[in-house]
Amino acid sequence: MQEKKCFFLTFFNKSGIFIGMNKKNADILKILKGGYKEGFSIDISAVQAPKGLSEEIVRFISAQKNEPNWLLDFRLKAFRQWQKMPEPHWLKGEYAPIDYQDIYYYSAPDRKEKPKSLDEIDPKIRETYDKLGIPLKEQEVLSGVAVDAVFDSVSVATTYSKALKEKGILFCPISEAVREYPDLVKEYLGSVVPYTDNFFACLNSAVFSDGSFVYIPKGVKCPMELSSYFRINAKNTGQFERTLIIAEEDSVLSYLEGCTAPQRDENQLHAAIVEIIVKDRADVKYSTVQNWYPGDENGKGGIYNFVTKRGLVLNDAHLSWTQVETGSAITWKYPSCILKGDNAKGEFYSVAMTNHYQQADTGTKMIHLGKNTTSTIVSKGISAGKSSNTYRGLVRMSGTAQNARNISRCDSLLIGGNCGAHTIPVMKNENKTAIIEHEATTSKISEEQLFYAQQRGLNKEEAVSLIVNGFCREVMKRLPLEFAIEAQKLIGIQLEGSVG
Amino acid sequence: MSAFLEIKDLHAKVGDKEILKGVNLTIESGKVMAIMGPNGCGKSTLSAVITGNPTYQVTGGSILFKGKDLLKMTPDERANAGVFLAFQRPTELPGVSMAQLLKAALNAKRTFLKEKPLDAVQFMKHLKVRATALGITDEMLKRSVNVGFSGGEKKRLETFQMAVLEPDFCILDEMDSGLDVDALKVVGGAISVMREEKRSFMIITHHDDLLRYVAPDKVAIMRDGKILQVGDKELVAKVEEKGYDNF
Ligand SMILES: Nc1ncnc2c1ncn2[C@@H]1O[C@H](COP(=O)(O)OP(=O)(O)OP(=O)(O)O)[C@@H](O)[C@H]1O
Ligand SMILES: [Mg+2]
């Protein structure tokens, strides 16, 4: 029995379409050798763990991955902690309590019954692929028809990964990093987001499946945008991604997460963690386009996306989060910066768009600890249909944050009369020399604006899409160009059906 | 053969307020029609109704454009059929650049005409030639549509959009108000250059300023929601001299 784990090193070609490289892992049996742990009673030849979460399951996952003891201990500690934590329900939105015992926490990726051809894919999703201009071959990969599609550009991707190696940059699945660079992983895993942090982070720490690992050595400027996204195609397997990025002193990195193409997943529950360490004078830009399945027009189905993203920013270092969130039934996500070093700088630029019955509760936390630290928050929320869109943010100026500064702007745009927009900014200023500025606006697209664009020949949907994209321009322009163009198209597609 | 534009007994209102009270007007192909009339007589409302602004409800009458019933068409269908309005008070579109708007507009029209969209190079070339002629700088093309522009700049940008989209029927609502002498020359020049057999203009104005650069073929006098009289360009002088009380 072969386990195929897909890992795409992805790069964007000129038209904004990723090209990828597929990396197979070793034989599962080989992995399992020596993975047997005492008291372990699950059939280790199974490629799928039974439903539910228990200590045994955690051990099983760890064994499947042939993990060292310290990582198993990390998982177990997290699991024991998680058992004591209540599921949080403070977010602005509603969802039925999740039955954590009704979820698969591990299964080998290739076990799922895959669609045999694109004809079996939901025509709506295919329509979106076409609108985004995604080539057929790629559509097959995205929809899971072909997991192993060999791209014409494998050689290109290989060249890139060679270029990375030459600079000493490490970019690989975190499971591989655990084997190849255990010291780095051991030192930094959980250092920014401890497993005790919150319910979902704790869950992730116990059961994380895989994710990316990036290490940029001292003084190195990463020569290209790094991008990766993961597809785990097993049915009902919670997606627990874990990303760890370490940027050494004076290094520079731009990282892209996600993909504008709609990503389908049978699993409702996603709980990811991204941890970033930005050392002195390093500069990291992390961009996300999130387009998980949002559920249908009636609010049925859709992904629950509970994400913890946080960066530790040291002296004179800079961390910038840019996100475009259009998918998921529920989004719960607060990319944050701990501005620990003096003169550290944090930024958060966000577009969150909700339609139909989607619920987004997203924002950021800027924790100012160092002197002269600065942070900028620009949040653009767009709500249509019957959706609910909340900005929730925390800016904290600690006593040590002399002369720290924050500027926040939260703009909400409402489309139609049945949606909601909420802004919940929390400001804690414990330092007399620190300044926090906050501005918030709520607006609607006016009849005159619509008419003006229509008079120039745009139909109503195109007009709304143009105006909405204008509303988010400040954030969109921070994305790498190809990504921005795709994201713009995506906003247009997500708006469909929202204008009468 | 049907006329280029034929408006018959057109009535329109806002809420309970009737503004157009039976407008009759015919514009021939290739002609320039000037519309003059006192403030509040309904000139802008007429342009809004022709272009399909949903603020106004049409309560009677008809508008035929090249034989097509405009009143049955959506605003964008009218635009793509060749009806263009340079607005008296253009709306702000924050975050949308003029270049973006025009690219979307040109491509919408080309899609409508079943032509292929312009590629980036063709588009920029098309834009630049006209921008230069109208004194529109790159900076103005990048800025948000109508946000923070001076009155005169807005008029030039409206005229510029007309030049870029090359519509068959151009309605210019007070493009001459607030323009300095040089800008007036530029706008007048742009209209003159665009005059041709297939294209007609409806120029709404209060003065003869613009009409000195663009000699109208006919002049219509509007008052209280109706066209009172249509004559030749001598009417302009009469209005300038004696006002509207004699009509
Ligand atoms: N949306 C509206 N709501 C209420 N009244 C309106 C509206 N639009 C126009 N009117 C009224 O209809 C009348 C005609 O207005 P319109 O703007 O068409 O005049 P105009 O001839 O263009 O005037 P001007 O020369 O000042 O531009 C005015 O009395 C105006 O107040
Ligand atoms: Mg007017």
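Refer to the preceding data block for the structure.
Our subject in this report is the structure included herewith. Note that the structure is predicted; figures quoted are calculated from it, not measured.

Calculation rules
Residues numbered from 1 in each chain as written. Chains lettered and ligands numbered in written order. Predicted model: local features only at pLDDT ≥ 70, side-chain atom pairs only at ≥ 80, totals over all residues. Heavy atoms only, no water. Donors = N, O, S within 2.8 Å, 3.2 Å for Na, K, Ca; no water. Helix = DSSP H or I, 4+ residues; strand = E, 2+ residues; numbered from the N terminus. Buried < 20%, exposed > 50% of the residue type's maximum accessible area, 1.4 Å probe, protein only. Core = buried A, V, L, I, M, F, W, Y, C linked by side-chain atoms within 4.5 Å. Contact = heavy atoms within 4.5 Å. Salt bridge = Lys/Arg side-chain N within 4 Å of Asp/Glu carboxyl O. Pairing = 2+ DSSP bridges. Near = heavy atom within 4 Å. Polar contact = N/O pair within 3.5 Å; in protein donor to acceptor, adjacent residues only side chain to side chain. Areas by Shrake-Rupley, 256 points an atom, 1.4 Å probe, with all protein chains shown as cover. Axes fitted to C-alpha atoms, helices over the stretch in contact; angles between N-to-C directions. Parallel < 35°, antiparallel > 145°, perpendicular 65-115°, else oblique. Left-handed = near helix turned anticlockwise from the far one by under 90°. Nonpolar A, V, L, I, M, F, W, Y, C, P; charged D, E, K, R; others polar.

### Here's the deal with the coordination of the magnesium ion (ligand 2)
All names here are of chain B.
Here is step 1 of the chain: For the magnesium ion (ligand 2), the full set of protein donor atoms is Ser 44 (OG) and Gln 88 (OE1), at a range of 2.0 to 2.1 Å. You can see Ser 44 sitting in helix 1 (residues 43-51) and its partner Gln 88 sitting in the loop between strand 6 (83-86) and strand 7 (93-97), a full 44 residues away along the chain.
Here is step 2 of the chain: Residue Ser 44 is classed as partly exposed on the basis of its relative accessible area, which comes to 27%.

### A short note on the nonpolar core
Here is step 1 of the chain: Among the nonpolar cores identified, the biggest contains 114 residues, and Val 468 of chain A together with Ile 50, Phe 160, Phe 169 and Met 202 of chain B are the most heavily contacted of them.
Here is step 2 of the chain: Among residues more than four places away in sequence, those in contact with Phe 160 of chain B are Met 98, Leu 102, Leu 127, Arg 130, Ala 131, Leu 134, Ile 136 and Leu 141 of chain B.
Here is step 3 of the chain: Counting 53 residues, the second largest nonpolar core, distinct from the first, contains Leu 71, Leu 76, Trp 82 and Tyr 106 of chain A.

### Quick look at the pattern of salt bridges
Residues and elements named next belong to chain A.
Here is step 1 of the chain: Under the defined criterion, the tally for this structure stands at 34 salt bridges over all chains.
Here is step 2 of the chain: Measuring nitrogen to oxygen at the nearest pair gives 2.7 Å for the salt bridge that ties Asp 361 to Arg 392. Of the two residues, Asp 361 is situated in strand 15 (residues 359-368) and Arg 392 in strand 17 (residues 388-397); the sequence distance between them amounts to 31 residues. Arg 392 matches Asp 361 in its accessibility class, with the two residues each being buried.
Here is step 3 of the chain: Here the salt bridges share partners, and the residues they tie into one network are Lys 218, Glu 249, Asp 250 and Arg 281.

### A look at the pairing of strand 7 (residues 252-258) of chain A
Residues and elements named next belong to chain A.
Here is step 1 of the chain: In terms of residue burial, strand 7 counts as a mostly covered element, since six of its seven residues are buried.
Here is step 2 of the chain: Where strand 7 lies against strand 9 (residues 283-290), seven bridges are found, and the strand directions are parallel. Residue Glu 257 lies in a different strand from strand 9, and its bridge partner there is Thr 288.

### Re the site of ligand 1
Residues and elements named next belong to chain B.
Here is step 1 of the chain: The local shell around ligand 1 holds 16 residues, among which Gly 40, Lys 43, Ser 44, Thr 45 and Tyr 56 are the closest.
Here is step 2 of the chain: Here an oxygen atom of ligand 1 and a backbone polar atom of Gly 40 are 2.8 Å apart.
Here is step 3 of the chain: A distance of 3.0 Å separates an oxygen atom of ligand 1 from a polar backbone atom of Gly 42.
Here is step 4 of the chain: Taken by itself ligand 1 offers 640 Å² of open surface, and the protein chains cover 68% of this.
Here is step 5 of the chain: Elements with a minimum of two residues in the shell around ligand 1: strand 2 (17-27) and helix 1.

### Topic: helix 10 (residues 447-455) of chain A
Residues and elements named next belong to chain A.
Here is step 1 of the chain: Summarising burial for helix 10: seven of the nine residues are buried, a large majority.
Here is step 2 of the chain: Those residues of helix 10 lying buried are Gln 449, Leu 450, Phe 451, Tyr 452, Ala 453, Gln 454 and Gln 455.
Here is step 3 of the chain: At the exit of helix 10 stands Gly 457, carrying a positive phi of roughly 110°.

### Examining the packing of helix 3 (residues 98-112) of chain B against helix 4 (residues 120-134) of chain B
Residues and elements named next belong to chain B.
Here is step 1 of the chain: Close contact between helix 3 and helix 4 brings their axes to 11 Å; oriented N to C, the two are set at 115°. The orientation of helix 3 relative to helix 4 falls into the category roughly perpendicular. Regarding helix 3 and helix 4, the two cross each other, and that crossing is right-handed. For the pair helix 3 and helix 4, the contacting residues are Ala 99, Leu 102, Lys 103 and Leu 106 in the first and Phe 123, His 126 and Leu 127 in the second.
Here is step 2 of the chain: For the contact of helix 3 with helix 4, the per-class residue count stands at five nonpolar, one polar and one charged.

### Observations concerning the sheet that holds strand 9 (residues 169-173) of chain B
Residue and element names in this part refer to chain B.
Here is step 1 of the chain: The strand order across the open sheet formed by six strands is 6-9-10-3-11-12, and the pairing between neighbours is mixed. Bordering the open sheet on either side are strand 6 and strand 12 (226-231), each of which pairs with just one other strand. In this sheet, neighbouring strand axes are inclined to one another by 20° on average, regardless of whether the strands run parallel or antiparallel.
Here is step 2 of the chain: Across four bridges, strand 3 (residues 32-36) lies against strand 11 (residues 218-223) in parallel orientation. Looking across to strand 11, one finds that Ile 35 is bridged to Ala 220.

### Re the environment of Gly 190 of chain A
All names here are of chain A.
Here is step 1 of the chain: The residue Gly 190 is located in the loop between helix 8 (182-188) and helix 9 (199-207) in this model.
Here is step 2 of the chain: Overall, Gly 190 belongs to the buried group, its relative accessible area being 15%.
Here is step 3 of the chain: In the structure, Gly 190 is positioned 101 residues away from His 89 in sequence and 24 Å away in space, judged by C-alpha atoms.
Here is step 4 of the chain: Not counting residues up to four positions away in its chain, the partners in contact with Gly 190 are Phe 74, Arg 242 and Glu 275.

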